[in-house]
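What follows is the residue order along each chain.
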Amino acid sequence: MAAVTIDSLLQNPTLLFRPKAKVMLKPPRSLDCSRNRKLPLSRGSCFCSFNPRRTIHVVRASSSETALIGNFDTSSSDDIFYKDIFPVKRIEKVEGKFFIRLDRSKDQHDWQLTVGCSLPGKWILHWGVSYLGDSGSEWDQPPKGMRPPGSIPIKDYAIETPLKKLSEGDIFHEVKIDFNPSSEIAAIHFVLKDEETGAWYQHRGMDFKVPLVDYLEDDGNTVGAKRGFGVLSGALQQFSNVLLKSEASHADSQNNSIESKDSKNKNRCLEGFYEEQSIVKEVSVGNLVSVAVRKSPETGKVIVCLETDIPGDVVVHWGVCRDDAKIWEIPAAPYPPETTVFKNKALRTLLQPKATGNRSGALFTLDEEHFGFLFVLKLDDNTWLKFKENDFYVPLLGTSSVPGQYGQSDITTEEISSKSYTDGIINEIRNLVSGLSSEKSQKTKTKEVQESILQEIEQLAAEAYSIFRSSITTVPEEVVSETETTKPAVKISSGTGTGFEILCQGFNWESHKSGRWYMELKEKASEISSLGFTVIWLPPPTESVSPEGYMPKDLYNLNSRYGTIAELKELVKSLHEVGMKVLGDVVLNHRCAHFKNQNGVWNIFGGRLNWDDRAVVADDPHFQGRGNKSSGDNFHAAPNIDHSQEFVRKDLKEWLGWLREEIGYDGWRLDFVRGFWGGYVKDYLEASEPYFAVGEYWDSLSYTYGEMDHNQDSHRQRIVDWINATNGTAGAFDVTTKGILHSALERCEYWRLSDKKGKPPGVVGWWPSRAVTFIENHDTGSTQGHWRFPGGKEMQGYAYILTHPGTPAVFYDHIFSHHRSEIANLISVRNRNGIHCRSLVKIVKAERDVYAAIIDEKVAMKIGPGYYEPPSGSQRWSLALEGRDYKVWETS
Amino acid sequence: MEVSVIRSSSQAKISKTELGCRDLRFCFGKSNDKNKIFSRKPNSVCFDSQISRFRKAGLRFTLKAVHSDPILESKSPATSKSLDRLRLFVGLPLDAVSDGNSVNHARAIGAGLKALKLLGVEGVELPVWWGVVENEMGKYDWSGYLAVAEMVQKAGLKLHVSLCFHASSQPRIPLPKWVTKIGESQSSIFFADRSGQHYQQCLSLAVDDLAVLDGKTPVQVYQGFCESFKSTFSPFMGSTITGISMGLGPDGELRYPSHHKPAKSGTITGVGEFQCYDTNMLNLLKQYAEANGNPLWGLGGPHDAPTYDQAPNSNSFFKDHGGSWESPYGDFFLSWYSSELVSHGNRLLSLVSSIFGDTEVNVYGKVPLMHSWYKTRAHPSELTAGFYNTASRNGYEAVAEMFARNSCKIILPGMDLSDEHQPHDALSSPESLLAQIRTTCNKHRVEVAGQNLASGAPGGLEQIKKNMLGENPIDLFTYQRMGAHFFSPEHFPSFTEFVRSLSQPELHPDDLPSDEAEATESVQTSSDPNIHLQTA
């Protein structure tokens, strides 16, 4: 009765609304309507993607109704006792591009946003604007003058404008929106919609956002200042706004005040850009597989004739069965040509192209004692066509094919194909969603509700809404096809790199001692790369009051205890040669002064950046700065730089640009970012366009009576808030995870590794793509040992972070130790299974003495002395790695 | 009373027999020996033997009503608590299947079904149109509707089918073409008003038993339709399909089309007009007048009734004091006019209940909520619609009695309407009218299911909740209707909230599931207080 349970709905949402091509069957009109008459049913549009169609099983070719079955090769129809057509669905991918361009319109006065898409379809731009001073993510309708002709207002918050081809020959459907940059519009938001299919193209589940006023330009610096493309980060902001808490709104107001202050003497300045992304639309294609069974009068054998119009090589994976249990057996020879035996379980026959048309088929001659013919179709290694998740079944005994018999009347097919990528995206969205809800409840303490189900409902409702709304008129849908939105290929963002990064911290607290660290490291470059690392973090390169480099003085002097600037360049070059990206450790929070002021306080700088005490924050009495108050915490050993000063920011951006150019750094590790507002970091990152950036936001976890609290939500919230303030342009070290691992491992309290929502308890549970997980660094470990990871448990820590989402970072000391091979193995498991920063974790055990999780359904792991084995279900798990109190399995 | 019995029983999974007994005792209360009734085995004998008696006594409804619900409920123990308690249905789009017999917006409906299931909704209501299925007389094409039924079944939802023998203007779903064609040459198959204007959205009730449709009577045609439906959908009957509404007139409701045009929201509705001017109605009136010895009264309807959009006082018929409605003529006319409507309802409901009597499907008919002018003495809107309900006469007695006789349940729309939101000058009171009809139904032990008039009425969801959870609760409600508005951001979140709030209230201890044995006991001990509670 209730065929679908709620559980299965939740697990498999993508399969639920698979498209159905409708095969129009005209019911015979001449039938008299006696009431038990079973009409052939065209139940084409069915739930759950099935396309069942009642077919008529003609016993002994009884009537002209065979005509319904279509153009099947029926040479000797007299003997046919079974005949059926199975509609099957395949997904074909159509690739195309879509672009966003912002430029000046012809009269050079107004600006124009152009969105285009090269895929065929009925594209609609669903868009709105936000105004200056708006908070939250609400859209407003744009002013009338901005709406291109043909726009339709949707309620009071959006506009829908169709994309059109400018001329017949154009590849792109385009829409252009003109606007006046001096208006109050802060951003244009949009999503792209394919009206034919109802599919929405969004940016990672969010709106696209084109900010129009974010940038405040220095007059002298407009030339050559390359801008980061705003869409990606804008989209993140969109998300962030939802996630953002009170602190963020505080930050907003700061931002606004600065803007208003600055805009008094600066013009706001827009920059054009052009961004192109590939877009993949999956179009379902309906094909037919027809099967007829007849008995050869001469030989008494049963001949199964199988034909299909699926293009390309189609392999029939087949067997026979003796009874209703449908156990596969291999029949006796002869087999059709191009048949191979597969693992002694089945036969595989390549269908031969027919002379006429695009069809292929095969004839199978079988002894008549067989009960049924079983088969599935194999299109390629990943794509199998099955029948309702089962084998296709064709009865071979003439008597068994009674019309209406269950099994034949309910013919459905669906495709199972490699959907892991789209699933991954859905998972990611869900991940974010549940992260969101976990926060909600944390903040508002609402009662426990099944947010995820509600989310599911909302998504379904939105889908239904878009379809109902778009087709008010009742046009019978001949073919309903659905497309799965596949996101454009991996997009590099400074917050995540490619998403598949593994970070190596390439120094420790002692590395400065030899005075030639750069050269020593250079020799290890290929070795480090071969372990599977993609990014390496080098020590702070500037002249420094302390030998380790964290008390910088002259930022442009890159001769340090680690080596000379020339050696640094050489090292970076070698690292690039072995395929690694290089992060520079930049200290932006503070800077040691060269000179004393009139009061004898060290706050006057020298060198190329000869700032005075206006560059120093005002709220640290030790340094008597004349700048504004600090936007973060103070580091008391040196003057803290006032990032609210325009000239400071300009100088720092220039410096970062110089480092990128001169040294070849690809990105940044940002020291002590607690000391200043994340919004400035965003500014710096957008100016220096790093490949990857990670900030050190390190503050204390929550403890009650000396014991660490289970709930570290407030701790991770602070880190997430910072990431958020950077607009997601930077990741952050997941200090929360390290702290929780400490307690869990040291005290054998593995239950701590699941938060109350069943997610990882660190930043990685809330914003995995921005979490840089680590267990040790030069401060916490090495010879300082401020907060050393529990001894002997390091490999458990690595087994955790190297199998989990987030971007894992491995400390130099651990790489070059006895842990090396184990770490290398973990990295190779990670890479082999494609675990990335957004992988999905399913925590299966978080008990006193054992924690176990399955990541992306591909890797299972456990840490702790307790027992865990992955389930022996449909997936076969094989042990990949084993060490002291940890095990890792992968699917075989 | 019925409501309460079924509600608790569905939780407790009491067997059919026991329930039957329980209700029998209600009917024949004091004369029966309590112990005998509750001993199981003899009981089933007496049960059977009594059925015929009840039938004759016109009391079969009690059994019948009990008969279906609990059995269905016990078949689906997997449904969640809220569903056992309050069965909420959502109407599918009117044009889920229109021309071409394909499912419109199948994907949207699919998504919608899934969403509803996740929300915990019990089922959906599907309008099945005469004009879609029977394109040629006697030839039925159910394929589109079968597809929908299958979708619903796959989604794990229940299905309530509304058989629509009327036409719809928005979305446009006409009567079968062949019927329209007959109507073109023979307009008297439609209702007509005083000015001779025909209402072509449904057949006049006066032709029910006249062979106007190519030699068949409309009742025979309806019968063929229903039987074809029954046999075609037999795999779904009782499992997926749990209820059927019989279309009884305009918009499926038991009434005269006293308003030809749909009322504009926010404006005060006029009183409407009597629809007794088609040839056949006039014939019936004439016969009736002659039989009553007043042949002159049978020549036409009231001459002093206002027109459609007029207020009651604009002419003398509906005047609060000294209006003709209170005259002997008025009584004569209104008695006839209303009794014709009840007889029509009886014809169709007895037909449909005999067709579906052997299934586990509940049969419903829809009674309109003509709430305009309810605060006047004459209740003109009800009178023109065919309900002889005035300040001094309960016109719903005859209606409820007719439903009871046919073991049918009543669907009452307008449960989302509150007095507060009615135009002040309309002298309307949906809440009082609703209360009156429900009291009358209770008296006749006709179960009432609810429906809203339109989604988005101000305060509608709160009012529905009040009706569903109030002291006299409704246990089946159909929410109208799925579509763009339903899923829109303005509406859907509040609907979600509404559904969730319905399942929030703590279950009364009586409603908690318990073992059968316990339940039987509790029936014995608690039945009496229950009665008092409910009838009080």
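The model shown is predicted, which means the values in this text are computed figures rather than measured ones.

Calculation rules
- Residues numbered from 1 in each chain as written.
- Chains lettered and ligands numbered in written order.
- Predicted model: local features only at pLDDT ≥ 70, side-chain atom pairs only at ≥ 80, totals over all residues.
- Heavy atoms only, no water.
- Pairing = 2+ DSSP bridges.
- Helix = DSSP H or I, 4+ residues; strand = E, 2+ residues; numbered from the N terminus.
- Axes fitted to C-alpha atoms, helices over the stretch in contact; angles between N-to-C directions.
- Contact = heavy atoms within 4.5 Å.
- Phe/Tyr/Trp six-rings, centres within 6.5 Å; stacked < 30°, edge-to-face > 60°.
- Buried < 20%, exposed > 50% of the residue type's maximum accessible area, 1.4 Å probe, protein only.
- Lys NZ or Arg CZ within 6 Å of the ring centre and 35° of its normal.
- 1 Å grid on protein atoms, 1.4 Å probe; cavity = no way out; pocket = protein on both sides within 12 Å on 5 of 7 lines; lining within 4 Å.
- Points joined across faces, edges and corners; volume = space filled by probe spheres on them.
- Expected span 1.5 Å × (residues − 1).
- pLDDT = per-residue confidence, 0-100.
- Core = buried A, V, L, I, M, F, W, Y, C linked by side-chain atoms within 4.5 Å.

## Side note on the sheet that holds strand β10 (residues 476-479) of chain B
Note on sheets: strands pair through backbone hydrogen bonds, and any given pair is parallel or antiparallel. All names here are of chain B. Ordered in space as β1-β2-β3-β6-β7-β8-β9-β10, the eight strands form a closed barrel in which the pairing is parallel. Pairs of neighbouring strands in the sheet enclose a mean axial angle of 30°, with direction left out of account. Of the pairings in the sheet, the one linking strand β9 (residues 448-451) to β10 comprises two bridges and is parallel in character. Pairing of G450 across the sheet is with F477, part of β10. Together, β8 (409-412) and β9 form the strand contacts of helix α16 (residues 430-443), whose direction differs from that of β8 by roughly 175°.

## Looking at the sheet that holds strand β26 (residues 535-537) of chain A
All names here are of chain A. With respect to topology, eight strands assemble into a closed barrel ordered β25-β26-β27-β30-β31-β34-β35-β36, the strand pairing being parallel. Sheet twist, expressed as the mean angle between neighbouring strand axes with direction ignored, is 25°. Here three bridges tie β26 to strand β27 (residues 581-586), and the two strands are oriented parallel to one another. Bridge pairing in β27 places V535 opposite K581. Here helix α14 (residues 794-801) sits on the sheet and contacts β35 (771-773) and β36 (807-811); the angle it forms with β36, its principal contact strand, is near 155°.

## Some words on the packing of aromatic side chains
Taken as a whole and judged by the stated rule, the model has 62 aromatic pairs over all chains. An angle of 40° between the planes, with centres 4.8 Å apart, marks the rings of Y479 of chain B and F495 of chain B as tilted. Here Y479 of chain B, found in strand β10, pairs with F495 of chain B, found in helix α19 (residues 492-503); they are 16 residues apart in sequence, far enough to count as distant. Like Y479 of chain B, the residue F495 of chain B is buried in the burial classification. A cation sits over an aromatic face here: K581 of chain A above Y691 of chain A, 4.6 Å from the ring centre.

## Details of empty space enclosed by the protein
All names here are of chain B. Counted by the stated rule, this structure contains 18 cavities of 30 Å³ or more. In this model, the second largest cavity occupies a volume close to 120 Å³. In terms of lining, the second largest cavity is formed by 17 residues, of which the most central are L203, Y222, L248, G249 and H344. Elements with a contribution of two residues or more to the lining of the second largest cavity: β5 (198-203) and α13 (328-356). If you tally residues by element for the lining of the second largest cavity, the top one is α13, at three residues.

## Remarks on α14 of chain A
Burial runs high along α14 of chain A: eight of the eight residues are buried. For α14 of chain A, the complete set of buried residues consists of E794, M795, Q796, G797, Y798, A799, Y800 and I801 of chain A.

## Comments concerning helix α7 (residues 106-119) of chain B
Residue and element names in this part refer to chain B. Along its 14 residues, α7 runs 20 Å from first to last C-alpha, staying within 8% of the 20 Å computed at 1.5 Å per residue. When you tally the buried positions in α7, you get 14 out of 14 residues, the bulk of the element. Looking at the residues trailing α7, positive phi occurs at G120, about 100°.

## Re the confidence of the model for chain A
Residue and element names in this part refer to chain A. For chain A, the average pLDDT comes to 73, and 72% of its residues sit at 70 or higher. Per-residue pLDDT stays below 50 along residues 215-268; that stretch engages in 87 contacts with residues further than four places along the chain or on separate chains. A low-confidence stretch, residues 399-449 stays under pLDDT 50, and its non-local contacts, those more than four residues away or across chains, total 128 contacts.

## Here we look at unusual backbone geometry
Residue R481 of chain B follows Q480 of chain B across a cis peptide bond; omega there is 0°. Here R481 of chain B shows up in the loop between β10 and α18 (484-487). Unlike most non-glycine residues, C748 of chain A shows phi in positive territory, near 50°. On the secondary structure map, C748 of chain A appears in the loop between α12 (735-746) and α13 (763-766). Backbone geometry places E857 of chain A, a non-glycine residue, at a positive phi of 60°. Take E857 of chain A: it is sitting in the loop between β38 (851-855) and β39 (859-863).

## Digging into the environment of H715 of chain A
All names here are of chain A. By secondary structure assignment, the location of H715 is in helix α11 (residues 713-725). On a C-alpha basis, the gap between H715 and D699 in space is 7.9 Å, while along the polypeptide they are 16 residues apart. Setting aside chain neighbours within four positions, we find H715 in contact with D699, S700, L701, V735 and T736.

## Remarks on the nonpolar core
Membership of the largest hydrophobic core comes to 149 residues, with the highest contact counts inside it found for W130, F403 and F495 of chain B. Considering every element that reaches this core, the biggest residue donor is α13 of chain B, with 14 residues. Filtering out sequence-adjacent residues up to four positions away, F495 of chain B remains in contact with L88, V90, L116, L119, L461, Y479 and F486 of chain B. By size, the runner-up hydrophobic cluster in this structure holds 116 residues, among which are V586, W677, I719 and Y886 of chain A.

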